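Observations on the three-dimensional arrangement
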Amino acid sequence: MGGVEERLAQIRGGGPPRRHNARTIAALTGNPGCTRRAVLDSAGADKPALAEQLGFPARFGQSRFAITRGNAFEAQVKADGGAELLRLVAERLGVPVPTDATWTDLGADEDRPERSRAALTAGGDGPALFDHPLLGLDVAGTRVHLEPDLVAARLAGRFHVVEIKSFPVIDGQADPGKVAAAAIQSAVYVLALRELLTAEGRDPELVSHEVVLVCPRDFANQPVASLLDVRRQLLVLRRQLARMARVEELLAAVPAGFTVDPAADPATLAAALHQVPARYAPDCLAACELAYFCRHEARGRTGALGRPVREALGGVEDVADVLALAEGVVAPEPEQAEAAALLRAAARLRADALAGHPA
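Residues numbered from 1 in each chain as written. Predicted model: local features only at pLDDT ≥ 70, side-chain atom pairs only at ≥ 80, totals over all residues. Heavy atoms only, no water.

1. Topic: the overall build of the protein
Per the secondary structure count, the protein includes 15 helices and 10 strands. Along the three orthogonal principal directions, the C-alpha set of the protein runs to about 75 × 60 × 40 Å. Per-residue burial for the protein yields a buried fraction of 43% across its 359 residues. Restricting to contacts in the protein with at least 6 residues of sequence separation, those with at least 24 account for 63%. (Helix = DSSP H or I, 4+ residues; strand = E, 2+ residues; numbered from the N terminus. Buried < 20%, exposed > 50% of the residue type's maximum accessible area, 1.4 Å probe, protein only. Contact = heavy atoms within 4.5 Å.)

Set out below in structure tokens:
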């Protein structure tokens, strides 16, 4: 593995690898077909620094106000030994609110990984809440430490990851994008907890695929709980992590000497990145630090219009080719015949509509 480690160090420019957390691991699932992201994340490259040097800085992330608000809401929900939180979780799971639940704070101990392992795998029949346990997950050969907000154990006979978010649920509805992001992040914790139980010889299915999401209701700070089924997110997560684990296969597709040292000049960096294919889609803007660079690179390509457009066009990659096929000025390749027929039909309908003719 020494040769691989040296190659990965060369790719990121020789500096220490950037460490993953639950958010960055969750973001891996957003575009599993992107070779560029898989290579850079496997190497632990500093993508925010790369984006800054290229002149395309990332424009997402939590503001200080949002972080402060989130911390305050979490503290409120966990007050009084988690009594309100326990009630919310029990009611959402459809079980009586236990009166004998124990509360274990795992966030203040120096030996948190071992203490968390011992606490979560110890026997016992009574209900228990574990505050900020520290879990581990292997990502591209590196051990990553993860910290869920809470794990509820032995409620309804299983473990449930509890994720506390400060975005509101208004009239019973929350922002779909934020809920989706919470589901993916929670799936990371579910997978890590299942692997912990497996390593201890216990049934990983004791960890439920249903995550309890706690958010403020409407514009007040009254908490409300809902269940998220993260089975689909777990499948995607496992597939992407397995792909990164096969780092030798990824490196085989990377040109010899490929490196993205953030200290290099922008033109050199851009030329290097052009050597490794990206799979840009608009969704990347909310999850990948290099998204704005890749969007600029993908200008004039059908992929920049989104995955549904790219897939519907059956491999026609350039917008100019799409327009030419729609106008019938070029003959389609055999694999483009179906897409070309649909494009010509759409062009006729558009022309008729603009001319005011009935379809």
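2. As for the pairing of strand S2 (residues 128-131)
Every second residue of S2 is oriented toward a common face, with Ala128 and Phe130 on one face and Leu129 and Asp131 on the other, all of them buried. In this sheet, S2 lies alongside strand S1 (residues 102-105) in parallel orientation, the contact comprising 4 bridges. Looking across to S2, one finds that Asp105 is bridged to Asp131. The pairing of S2 with strand S5 (residues 150-155) spans 4 bridges and is antiparallel. What sits directly across from Ala128, in S5, is Ala153. (Pairing = 2+ DSSP bridges.)

3. Thoughts on the environment of Val89
If you trace the backbone, Val89 turns up in helix H6 (residues 79-93). By relative accessible area, which is 0% here, Val89 ends up buried. In the structure, Val89 is positioned 54 residues away from Thr35 in sequence and 40 Å away in space, judged by C-alpha atoms. For Val89, the residues in contact, after removing those within four places along its chain, are Ala152, Leu155, Val162 and Val212.

4. What to know about the pattern of salt bridges
As enumerated under the stated definition, the model contains 16 salt bridges in all. One salt bridge in this structure joins Lys47 and Glu289, with 3.6 Å as the shortest N-O distance. Taken as a pair, Lys47 in helix H4 (residues 47-54) and Glu289 in the loop between helix H11 (266-274) and helix H12 (291-297) lie far apart in primary sequence, 242 residues in all. With a relative accessible area of 5%, Lys47 lands in the buried category. Accessibility expressed as a relative area gives 13% for Glu289, which makes it buried. Three or more residues joined by partner-sharing salt bridges are found here, namely Arg37, Asp41, Lys47 and Glu289. (Salt bridge = Lys/Arg side-chain N within 4 Å of Asp/Glu carboxyl O.)

5. A closer look at the environment of Ala345
Position of Ala345 among the secondary structure elements: in helix H15 (residues 337-355). By relative accessible area, which is 25% here, Ala345 ends up partly exposed.

6. What to know about the sheet that holds strand S9 (residues 210-216)
The strand order S1-S2-S5-S6-S9-S10 describes an open sheet built from 6 strands, whose pairing is mixed. Every interior strand has two partners, whereas the edge strands, S1 and strand S10 (223-229), have only one. On average, adjacent strands in this sheet sit at an angle of 25° to one another, irrespective of strand direction. Judged from the 4 bridges that link them, S5 and strand S6 (residues 158-164) form a sheet pairing that is antiparallel. Residue pairing across strands places Val151 opposite Val161, the latter belonging to S6. Its contacts with the sheet put helix H5 (residues 64-77) on S6, S9 and S10, and the angle it makes with S9 is roughly 110°. The sheet contacts of H6 involve S1, S2, S5, S6, S9 and S10, and relative to S10 the element is tilted by about 45°. (Axes fitted to C-alpha atoms, helices over the stretch in contact; angles between N-to-C directions.)

7. Remarks on the packing of H5 against H6
Two quantities define a packed helix pair, namely the angle between the axes and the distance from one axis to the other. Closest axis-to-axis distance for the H5/H6 pair is 7 Å, and the angle between their directions is 90°. Here H5 lies roughly perpendicular to H6, going by the angle between them. Residue-level inspection shows Ala75, Gln76 and Val77 of H5 in contact with H6, the latter providing Ala79, Gly82, Glu84 and Leu85. The class makeup of the residues in the contact of H5 with H6 is 4 nonpolar, 2 polar and 1 charged. (Parallel < 35°, antiparallel > 145°, perpendicular 65-115°, else oblique. Nonpolar A, V, L, I, M, F, W, Y, C, P; charged D, E, K, R; others polar.)

8. Examining the packing of aromatic side chains
Here a ring pair, both rings aromatic, is described through the centre-centre distance and the interplanar angle of the planes. Evaluation of the coordinates by the stated rule reveals 1 aromatic pair. Each ring, one from Phe56 and one from Phe293, has its centre 5.9 Å from the other, and the planes form 70°; the classification is edge-to-face. Placement of Phe56 in the loop between H4 and H5 and of Phe293 in helix H12 is noted, with a sequence separation of 237 residues between them. Overall, Phe56 belongs to the partly exposed group, its relative accessible area being 23%. By relative accessible area, Phe293 is classed as buried at 4%. (Phe/Tyr/Trp six-rings, centres within 6.5 Å; stacked < 30°, edge-to-face > 60°.)

9. Side note on the layout of surface pockets
For the second largest pocket, the calculated volume is near 350 Å³. Lining the second largest pocket are 14 residues, and of these Ala278, Arg279, Tyr280, Arg301 and Arg310 sit closest to its centre. Within the lining of the second largest pocket, the residues separate by chemical class into 5 nonpolar, 4 polar and 5 charged. (1 Å grid on protein atoms, 1.4 Å probe; cavity = no way out; pocket = protein on both sides within 12 Å on 5 of 7 lines; lining within 4 Å. Points joined across faces, edges and corners; volume = space filled by probe spheres on them.)

10. Quick look at H11
Those residues of H11 that fall on the buried side of the exposure criterion are Leu269, Ala270, Ala272 and Leu273. Along the axis of H11, the buried positions cluster into a sector of 160°, meaning they face one direction only. Residues of H11 that are buried in the fold lie against helix H3 (35-43), H4 and H12. Capping the start of H11, Asp265 holds a side-chain oxygen 3.2 Å from the backbone nitrogen of Ala267, two or three residues further along. (Arc of directions from axis to C-beta. Polar contact = N/O pair within 3.5 Å; in protein donor to acceptor, adjacent residues only side chain to side chain.)

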